[in-house]
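# Overview (structure and organization)
Here is what each chain is made of, one letter per residue.
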Amino acid sequence: MRIKFPNYTRAVTLALAFVFVLCASAQQADAVERSGVFVVGLETDRSTYALGQPIKLRFTIRNVTDGPIFATTNVPWAMFSLSVVDSGNQPLSTEGTEGYRISSADHRRYASGTTITVHYTDRNTGLTTAWVPISFWGYNFTTPGRYVITATPHLLGIPEGPAPQQWFTTSSDDRSNPVVITISR
């Protein structure tokens, strides 16, 4: 037997999605900035690259608090901003990030003391991977040299526990370990 849904089902679904987005926006507006909740790890798939060779990054997030945290999750280029500087400590310019779909309903539980590797699904291959091309942040290395890359997380979180709990955003002071790469001809 086939169940037939009324024509307004789609409208109700869209309305509920809109309410979730409004709630998440209100949570972010009331959020306080917190530092030292997560430690972000950054690594590259190698340390030396030929000019034009793809550079891939992998991110980990570790909850260093005493309790579990629920925090937003998304594609890596939406969860982290990158800073890339050359050997003269001059920042590289970026052409902007890949497009992405933001879903305020995407949250993940980060247990106390655990480290999670961030993954995404490649829209071209459909495969899930942890290695993300740096070009997704709009970086294009055209000059050989030594470069330092760091990542800053952009997460909205709330501690797990009885209400009331305070929503927070990660601090711009929280940065990953620096990663040094060399681009050769």
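Predicted, not measured: the structure shown is a model, and the values here were computed from it. (Residues numbered from 1 in each chain as written. Predicted model: local features only at pLDDT ≥ 70, side-chain atom pairs only at ≥ 80, totals over all residues. Heavy atoms only, no water.)

### Focus: the sheet that holds strand β14 (residues 168-170)
The strand order across the open sheet built from five strands is β1-β14-β13-β5-β7, with neighbouring strands paired in mixed fashion. With one partner strand each, in any of the chains shown, β1 (32-34) and β7 (107-110) form the two edges of the open sheet. Taken pair by pair, the neighbouring strands of this sheet meet at an average axis angle of 35°, ignoring direction. Here strand β13 (residues 156-159) runs beside β14; their pairing, made up of two bridges, is antiparallel. Directly across from G157, in β14, lies its bridge partner F168. (Pairing = 2+ DSSP bridges. Helix = DSSP H or I, 4+ residues; strand = E, 2+ residues; numbered from the N terminus. Axes fitted to C-alpha atoms, helices over the stretch in contact; angles between N-to-C directions.)

### Topic: the sheet that holds strand β6 (residues 80-86)
Strand order in the open sheet formed by four strands is β3-β15-β12-β6, with mixed pairing between adjacent strands. Sheet topology places β3 (48-50) and β6 at the edges, where each strand pairs with a single neighbour. Averaged over neighbouring strand pairs, the angle between their axes works out to 30° when direction is ignored. Bridging between β6 and strand β12 (residues 145-153) involves seven bridges; their strand directions are antiparallel. Looking at the pairing, S81 lines up with T152 of β12.

### Structural notes on the confidence of the model for the chain
Across the chain, the average pLDDT comes to 85, with 80% of residues at or above 70. Counted against residues more than four places away or in other chains, residues 9-22, with its pLDDT under 50, gives two contacts. Of the regions scoring below 50 in pLDDT, residues 101-105 engages in seven contacts with residues more than four places distant in sequence or in other chains. (pLDDT = per-residue confidence, 0-100. Contact = heavy atoms within 4.5 Å.)

### Observations concerning unusual backbone geometry
With omega at -5°, the peptide bond leading from A163 into P164 counts as cis. A positive phi angle, near 60°, is found at N89, a position not held by glycine. Mapped onto the fold, N89 is located in the loop between β6 and β7. Take N89: its relative accessible area is 57%, and that puts it in the exposed class. (Buried < 20%, exposed > 50% of the residue type's maximum accessible area, 1.4 Å probe, protein only.)

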